[in-house]
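# Per-entry structural report
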Amino acid sequence: MEFSYEVKDSYAEVRADGRLNMVSAPKLREFVTDVIAGGSSRIVVNLENTAFMDSSGLGALIGCLKAARQAGGDLRIAAVQPQVKMVLELTSMDRVLTAYASADEAFRND
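Residues numbered from 1 in each chain as written. Predicted model: local features only at pLDDT ≥ 70, side-chain atom pairs only at ≥ 80, totals over all residues. Heavy atoms only, no water.

Threshold: UniProt positions are given in the numbering used here, feature names are shortened, and annotations may be inferred rather than shown by experiment.
The protein goes by Anti-sigma factor antagonist in an unreviewed UniProt entry, where it is assigned to Pseudarthrobacter psychrotolerans. The record in UniProt for the protein states the following under Sequence similarities (unreviewed entry): "Belongs to the anti-sigma-factor antagonist family."

### A look at the environment of Tyr100
Here is the rule we go by: In this text, helices come from DSSP runs of H or I with a minimum length of four residues, and strands from runs of E with a minimum of two, each type numbered from the N-terminal end. Should any heavy atoms of two residues lie within 4.5 Å, those residues are considered in contact.
With respect to the element layout, Tyr100 can be found in strand S7 (residues 99-100). Residues in contact with Tyr100, not counting those within four places in the same chain, are Arg76, Ile77, Ala78, Ala79, Glu105 and Ala106.

### Description of the sheet that holds S7
As a reminder of what qualifies: A pair of strands is considered paired only if DSSP assigns at least 2 bridges between the two. Every axis corresponds to a line fitted to the C-alpha atoms, with the helix fit spanning only the stretch in contact, and the corresponding angles, defined between N-to-C directions, vary from 0 to 180 degrees.
The sheet built from five strands is open, its strands ordered S1-S2-S4-S6-S7 with mixed pairing. Looking at the sheet topology across the chains shown, the edges are occupied by strand S1 (2-7) and S7. Sheet topology note: the strand S2 (residues 12-17)/strand S4 (residues 42-46) ladder contains four bridges and is parallel. Counterpart to Glu13 in the pairing with S4 is Val44. In the packing of helix H1 (residues 25-37) onto the sheet, contacts are made with S1, S2, S4 and strand S6 (74-78), and the angle to S1 comes to roughly 20 degrees.

### Describing the UniProt feature "domain: STAS" (unreviewed entry) in the protein
Here, UniProt's "domain: STAS" (unreviewed entry) annotation points to residues 1-110. For the annotated span residues 1-110, helix accounts for 38% and strand for 25% of the residues, and the straight-line distance between the end C-alpha atoms is 30 Å.

### Section: unusual backbone geometry
At Ala79, a position not held by glycine, the phi torsion is positive, near 55 degrees. Within the secondary structure layout, Ala79 lies in the loop between S6 and helix H3 (82-90). A positive phi angle, near 60 degrees, is found at Ser92, a position not held by glycine. Mapped onto the elements of the fold, Ser92 is located in the loop between H3 and S7.

### Observations regarding the pairing of S2
The sheet contact formed by S1 and S2 spans six bridges and is antiparallel. Bridged to Glu6 within S2 is Glu13. Between the end of S1 and the start of S2, which pair antiparallel, lie four residues.

### A few points about the packing of aromatic side chains
Inclusion rule: Working definition: a ring pair exists when centres of Phe, Tyr or Trp rings (six-membered ring for Trp) sit within 6.5 Å. Plane angles under 30 degrees give stacked, over 60 give edge-to-face, the rest tilted. Ring-over charges, as used throughout, are those where CZ of Arg or NZ of Lys falls within 6 Å of the ring centre and within 35 degrees of the ring normal.
The full count for this structure, using the stated rule, is three aromatic pairs. By the ring-pair criterion, three or more aromatic residues cluster together here, those being Phe3, Tyr5 and Phe31. Lying over the aromatic face of Phe52, Arg19 brings its terminal NZ or CZ to 4.1 Å of the ring centre.

Written as structure tokens, this is what we have:
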């Protein structure tokens with residue numbers, strides 16, 4: 001899995017490309033922690049190129065959400081693919097991690 005980020009006007013967009021599973025989940029946590037440490041506590045994780053997520057990946061997203069909130073910000077997800085959406089819905093985590101159509105929409109009204 002590849003991670004990259006870009007700082008926008010009011011948030012940082014983290015792109016996660018590949019499979020978000022038990023191998024890549026710790027890398028996502030570390031990557032987002034580094035982005036937060038760099039001064040961006042409002043994060044959008046763009047999942048446009050993430051076709052698969054397992055429970056480890058879900059745990060990583062929740063851990064990243066917690067880290068962002070502890071830093072005074074928030075974490076949102078965008079461009080969620082069908083399999084990832086299914087995992088969120090089956091675990092009812094779609095109520096905690098609201099999915100937005102695009103990264104630009106995630107913090108548009110804040």
